[in-house]
Amino acid sequence: MSATISVNGALHTVDVDGDTPLLWVLRDVLGMTGTKFGCGAALCGACTVHLDGEPVRSCITPIDSVGVSEIMTIEAIGATEAGAKIQKAWLDVEVPQCGYCQSGQIMSASALIASIPHPTDGDIDDAMSGNICRCGTYVRIREAIKQAAAA
Amino acid sequence: MIIDHRTSEASGRIQPTSANALTRRSFLQAGAAAGGGLLLSLSLPFAVRGAEAAGTTFAPNAFLRITPEGQVVLTMPYVEMGQGTYTSIPMLIAEELELELSQVQLEHAPPNEELYVNPLLGVQATGNSNAIRGAWQPLRQAGATARTMLVAAAAKGWNVDAASCRARSGEVFHEPTGRRLKYAELAAHATGMPIPVNVALKEPKDFRLIGTPAKRLDTPAKVNGTAVYGIDARPPGVKIATLAQSPVFGGRVKSVDDAAAKAVNGVRQIVRLNDAVAVVADHMGAAKKGLEALVIDWDDGQYEGLSTEAILGELEEATLYPGAVAQSVGDADSALPSAHTQLEATYHVPFLAHAPMEPMNCTVHARSDAVEIWVGTQAITRVQAAAAATAGVLLEQVTVHNHLIGGGFGRRLEADGAARAVEIAKHVDGPVKVVWTREEDIQHDMYRPMFFDRLSAGLDAKGMPAAWKNRFAGSSIIARWLPPAFNNGFDHDTTEGAIDLAYDLPNFHVEFTRVEPPGIPTAFWRSVGPSHNVFVTESFMDELAAAAKQDPVAYRLALLEKTPRAKAVLALAAEKAGWGQTLPERSGRGVSIQHAFASYMAQVAEVEVAKGGTVRVKRVVCAVDCGTVVNPDTVKAQIQSGIMFGITAALYGQITLKNGRVEQANFDSYQILRMDEAPEVEVHIVQNSESPGGLGEAGTSAIVPAVTNAIYAATGKRLRQLPVDSAALREPQ
Ligand code: FES
Ligand code: FES
């Protein structure tokens, strides 16, 4: 079957089964590899993208559920106010180690400060605990979110 | 780790081409670069196996190029895995060559075992926290040599004394006349200058870059999605495959019904191997769907009944008999029976998976006479060799494109994933990217070994240790990975952290027995030795302090008189942690001290144990003396990272086998520490001018006993096995 989706403002028509997870459409069909695969089961957050501004795990989001929703990925998040702030804070604080989880972290964090501009530690825990960082950059992620919120 | 290179075979010799270029036992050669400019070829010390014996042979393994266009390019044998190597290594060159960090460019070294040998590991690999340790002297010397030659070239051109010239920011200045020339303009002339003998290196007080918190060069691409990891490789026409490997190690495929899989939209091909089945598709979604539709009947083979309990029993049994003596000081056997108090304990630690965030993957285009590979690896030459062997082609017919690594931790020192991908690719027309599901990644890892330890100690009348004995059994990764470094029944990785303790112990005896577990492969895991030994040693030391009814910090300090660097970090960590200040009920502080990877580290962990037994690590204070600090921010980042990795292991980490199958599968059954569980971490660096120590792994091993000792302080329960059993910590009703 074919589906038309809007990714970062551009329309794409893809020919895949309707139950194909969005993650693989982005990575393998459209070649947008900034969104990462970590678990395939909504356990790690590496695949986080925004659907109409809400963070979702693209590895369990079937393509036929997306409809006309606007998909935004790490490749375009810098164009949003929250995304730009988060990326800058990530650079200032030097958050990444291996960096592999960071697309997902940044997507979750951008959604957080877009909805809660001044998050508490509890808000940060709630928004970010679905994103695993095997390199353990949590201390810096927290610091960077606070810095972005203060900016 | 200390590797004995004397027993390694000689290889990689190049005969010198010009007398000027080489003095006996020189490590550096200069000449004209292809395309003009200055080329320095370096042979890192110990790296060239057999070179010393060979006298005048010379095998470079790193290259520094200064081009007529003004580029300064370092071709470097280390891989960036998130540890900041790409930033720290060029700092060494830039410091002595009088360049800004931004003026040095880096290139990945192509696979060439002969040229890019890591000085401490002895093969081309990045592991064991050794990138900076290996590069520290030679790269600074290379920078200083190049600078001296550039200055000499300028002085000659101006017909002035070189001593009146200075190098700064990529230019040479003649101070009296204000004349200046860029390195680019001098590079070609510098090739004719003599190579200086014994260039003086800067005093630490004169460092401009080393010791300053440089921004990492790899960060921008990692925050905007443009960083390219192995899994992101997309050669034109690439297909995506995923696979099921025999759930029992050593089993094989009996039969496959692939009709339903083949019917999945987007599935192109099913590849059946002896012990695995792969589904090749247009995208991973189809490949995974195809995999689920496969009906595979496995022949489980000889390990079908294997359990971790059985392996543990074997290890325990092995510690009843003498092992290889790894270290013996004084006479522990005589001192023990006559000691005032005697203690005995056994400890054990489980198998652990690496579970890097980037699952195993490898892209291969196999043709009959050439194999091309796209992968992120810590050991590129091993990938090349494994691919050549699997494909049945010559080494030089294999091209490996290395990529960023989404977490290595030792997993990507192994080439099993590349070999597997080549096996599959041989059946596929065109390039194929083999991506493991997370479940395959966890169930077909090569694991941090299980160990069993039997300890005993005697205390004198004052409670101080009079004898210490430790006998432990488990796998030696070195014996498989680098056999020449396994000598007399042990190696320096497996025993690191169990021997050469910072403590002054008069009668000390440690034995190791190598027992390779059947039916489960083992590998390096963010170090192997210290990750296990420091837990055991520092827990037992805590037991000694408790038996002596002494404060754990004071007890340790009293044993560190001969190791001032260890004593200093312990005192600092205790002070910063507020050691001794009261904490609420069921909260406690625990301490550890570690001398490993040529660094000294002390950690104090503060934990809270809920009534239900759940452990929460609230705060960690770490003091470290890792010698000269090249990039302090990287040091802190690596320690923070290592601590989280270690807490994950302490609280959750275990791989168990039942009926030969790994029971854990994804991040629900193999849990990783998350944001809401992460402690505050404070890192305090003790600065000095000793050679740099390693850090990538130090934080991981040192945190584990700090946590379990803190649990003891909070609950009175001594934990002698990992992971923490929270059921045992439940408050009785
Ligand atoms: S890959 Fe989607 S949550 Fe892990
Ligand atoms: S930076 Fe490596 S997994 Fe997060």
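Residues numbered from 1 in each chain as written. Chains lettered and ligands numbered in written order. Predicted model: local features only at pLDDT ≥ 70, side-chain atom pairs only at ≥ 80, totals over all residues. Heavy atoms only, no water.

1. A closer look at the overall build of chain B
What counts here: Counting from the N terminus, the helices are the DSSP runs of H or I reaching at least four residues and the strands are the DSSP runs of E reaching at least two. Note on contacts: a residue pair qualifies if any of its non-hydrogen atoms lie within 4.5 Å across the two residues. Computed by Shrake-Rupley with a 1.4 Å probe, the accessible areas treat only the displayed protein chains as cover when residues are assessed.
Within chain B, the regular secondary structure consists of 18 helices and 28 strands. Within chain B, counting contacts between residues at least 6 apart in sequence, those at least 24 apart form 75% of the total. Summing over all exposed atoms, chain B offers an accessible surface of approximately 26,100 Å²; the carbon and sulfur share of this is 50%.

2. What about the overall build of chain A?
Stated formally: Throughout this description, buried means an accessible area under 20% of the type-specific maximum (1.4 Å probe, protein chains only), exposed means over 50%, and partly exposed covers the range between.
The number of helices and strands found in chain A is 6 helices and 5 strands. Shown N-terminal to C-terminal, the secondary structure of chain A runs as helices and strands in the order β-β-α-β-β-β-α-α-α-α-α. In terms of overall dimensions, chain A has C-alpha extents of about 45 × 30 × 25 Å along its principal axes. A buried classification covers 63% of the 151 residues belonging to chain A. In chain A, of all internal contacts separated by at least 6 residues, the share reaching a separation of at least 24 is 56%. In the structure as shown, chain A presents an accessible area of about 5,000 Å², 54% of it carried by carbon and sulfur atoms.

3. Quick notes on the packing of aromatic side chains
All names here are of chain B. Here is the rule we go by: For this analysis, a ring pair means two rings from Phe, Tyr or Trp (six-membered ring only for Trp) whose centres lie within 6.5 Å, classed as stacked if their planes differ by under 30 degrees, edge-to-face if by over 60, and tilted for the remaining angles. Geometrically, a lysine NZ or arginine CZ counts as sitting over a ring once it is within 6 Å of the ring centre and also within 35 degrees of the ring normal.
Counted according to the given criterion, the structure contains 11 aromatic pairs over all chains. For the ring pair tryptophan 468 and phenylalanine 540, a centre distance of 5.3 Å and an interplane angle of 70 degrees mean the geometry is edge-to-face. Placement of the pair is tryptophan 468 in strand 21 (residues 465–474) and phenylalanine 540 in helix 14 (residues 529–547), with a sequence separation of 72 residues. Residue phenylalanine 540 is classed as buried on the basis of its relative accessible area of 0%. For the pair tryptophan 525 and phenylalanine 645, a centre-to-centre distance of 5.0 Å together with 45 degrees between the ring planes defines the contact as tilted. Within this pair, whereas tryptophan 525 is found in the loop between strand 22 (508–514) and helix 14, its partner phenylalanine 645 is found in helix 17 (residues 632–651), the two being separated by 120 residues in sequence. Feature note: the residues Phe409, Trp525 and Phe645 constitute an aromatic cluster, connected by ring pairs. Residue placement shows arginine 514 over the ring face of phenylalanine 486; its charged tip is 5.4 Å from the ring centre. Residue placement shows arginine 718 over the ring face of tyrosine 712; its charged tip is 3.9 Å from the ring centre.

4. Some words on the domain arrangement of chain A
Residue and element names in this part refer to chain A. We apply this condition: Where each domain begins and ends follows an automated or database-derived domain assignment. We define buried area as the total accessible area lost by two parts upon association, computed with a 1.4 Å probe and summed across both. What counts as a salt bridge is simple: a side-chain nitrogen of Lys or Arg found within 4 Å of a carboxyl oxygen of Asp or Glu.
What the domain assignment lists for chain A is domain 1 (2–72) and domain 2 (77–150). When each unit is reduced to the centre of its C-alpha atoms, the spacing between domain 1 and domain 2 is 21 Å. Counting each side, the surface lost to burial between domain 1 and domain 2 is near 1,000 Å², with a carbon and sulfur contribution of 58%. Counting every contact that joins domain 1 to domain 2 gives 0 salt bridges.

5. Let's talk about the confidence of the model for chain B
Residues and elements named next belong to chain B. Which entries qualify depends on this criterion: Looking at any residue, its pLDDT shows the predictor's confidence there, from 0 to 100.
The predicted model of chain B has a mean per-residue pLDDT of 87, with 88% of residues at 70 or higher. Below a pLDDT of 50 lies the segment residues 1–25, which in the model reaches 56 contacts outside its immediate sequence neighbourhood of four places, other chains included. Here residues 45–57 scores under 50 on pLDDT; set against residues more than four positions off or in separate chains, the count is 30 contacts. Our summary of model confidence lists the complex with pTM equal to 0.87 and ipTM equal to 0.98.

6. With respect to the UniProt feature "domain: Aldehyde oxidase/xanthine dehydrogenase a/b hammerhead" (unreviewed entry) in chain B
This is how the line gets drawn: UniProt positions are given in the numbering used here, feature names are shortened, and annotations may be inferred rather than shown by experiment.
Summarizing the sequence annotation, UniProt attributes the feature "domain: Aldehyde oxidase/xanthine dehydrogenase a/b hammerhead" (unreviewed entry) to residues 224–302 of chain B in the numbering used throughout. Across residues 224–302 of chain B one finds 18% helix and 38% strand; the C-alpha atoms that close the span lie 49 Å apart.

7. Observations regarding the nonpolar core
Selection criterion: The criterion is simple. A nonpolar core is a set of buried Ala, Val, Leu, Ile, Met, Phe, Trp, Tyr and Cys residues joined through side-chain atoms within 4.5 Å.
Formed by 171 residues in total, the largest nonpolar core has its most connected members in Trp90 and Ile145 of chain A. Dropping the residues within four chain positions of it, isoleucine 145 of chain A is found in contact with Ile86, Trp90, Ala109, Leu112, Ile113, Pro119, Ile124 and Met128 of chain A. Among the nonpolar cores identified, the runner-up in size contains 42 residues, and Val104, Ala135, Val151 and Ile210 of chain B belong to it.

8. Comments concerning the sheet that holds strand 24 (residues 599–609) of chain B
All names here are of chain B. For clarity, the cut-off: A strand pair is defined by DSSP finding two or more bridges across the two strands. Interaxial angle, 0 to 180 degrees, is taken between N-to-C directions of lines fitted to C-alpha atoms, where a helix line uses only the stretch in contact.
Strand order in this open sheet of 4 strands is 23-24-25-28, and the pairing throughout is mixed. With partners counted over all chains shown, the strands left at the sheet margins are strand 23 (587–596) and strand 28 (680–685), one partner each. Across the sheet, the axes of successive neighbouring strands diverge by a mean angle of 15 degrees, strand direction being ignored. Together, strand 23, strand 24 and strand 25 (615–625) form the strand contacts of helix 18 (residues 698–715), whose direction differs from that of strand 23 by roughly 150 degrees.

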